[in-house]
Amino acid sequence: SGINAEYGGMEALNRLKVFEGVPPPYDKTKRMVVPGALRVLRLKPGRKYASIGRISREVGWKYGDVVEKLETKRKEKSATYFQANKKINTLRAKAAASAKQP
């Protein structure tokens, strides 16, 4: 602890980028899971951790409920898209298989 530690923490907070939702440059990119960033793989069992959402609510962020509603809506929309895409892919695979057979 000391002045240098406080300065390093301040610099780390200055470098931190946090968005509500997905901003325009990133909304068109494919979302992926980074295994090296998973809490289950990185932390030993029993270690303490903090989520950004909980910390934000504790310091006065008021839009947690709004984001939660939007997230459930996004998940429903994503599930319907996935089901429709799954049907199309199975039909496409059947068509490709039937086209290959003479």
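Look up a bit, the structure's there.
Residues numbered from 1 in each chain as written. Predicted model: local features only at pLDDT ≥ 70, side-chain atom pairs only at ≥ 80, totals over all residues. Heavy atoms only, no water.

1. As for the overall build of the protein
Turning to step 1, where the next piece is worked out: Counting its regular elements, the protein contains four helices and zero strands.
Turning to step 2, where the next piece is worked out: Walking the protein from its N terminus toward its C terminus, one meets helices and strands in the order α-α-α-α.
Turning to step 3, where the next piece is worked out: Since a compact globule built from 102 residues should have a radius of gyration of about 13 Å, the 22 Å found for the protein marks it as more spread out than a globular shape.
Turning to step 4, where the next piece is worked out: Along the three orthogonal principal directions, the C-alpha set of the protein runs to about 75 × 30 × 30 Å. (Helix = DSSP H or I, 4+ residues; strand = E, 2+ residues; numbered from the N terminus. Rg over C-alpha atoms; globule rule 2.2 N^0.38 Å.)

2. Quick word on the pattern of salt bridges
Turning to step 1, where the next piece is worked out: If you walk through the whole model with that rule in mind, you get two salt bridges.
Turning to step 2, where the next piece is worked out: In this structure, Glu58 and Arg54 form a salt bridge, with 2.6 Å as the shortest nitrogen-oxygen distance. Separated by four residues within a single helix, Glu58 and Arg54 lie in helix H3 (residues 52-58), roughly one turn from each other.
Turning to step 3, where the next piece is worked out: Note that Arg74 is salt-bridged to Glu71, the shortest N-O span being 2.6 Å. (Salt bridge = Lys/Arg side-chain N within 4 Å of Asp/Glu carboxyl O.)

3. Digging into the packing of aromatic side chains
Turning to step 1, where the next piece is worked out: By the definition in use, this model includes one aromatic pair.
Turning to step 2, where the next piece is worked out: Between Phe19 and Tyr26 the ring centres are 6.1 Å apart and the planes differ by 55°, which places this aromatic pair in the tilted class. (Phe/Tyr/Trp six-rings, centres within 6.5 Å; stacked < 30°, edge-to-face > 60°.)

4. So, the environment of Tyr49
Turning to step 1, where the next piece is worked out: Of note, Tyr49 is situated in the loop between helix H2 (39-42) and H3.
Turning to step 2, where the next piece is worked out: Along the backbone, Tyr49 and Arg39 are 10 residues apart, and their C-alpha atoms lie at a distance of 8.7 Å.
Turning to step 3, where the next piece is worked out: Leave out the neighbours within four places in its chain, and Tyr49 touches Arg39, Leu43 and Arg54. (Contact = heavy atoms within 4.5 Å.)

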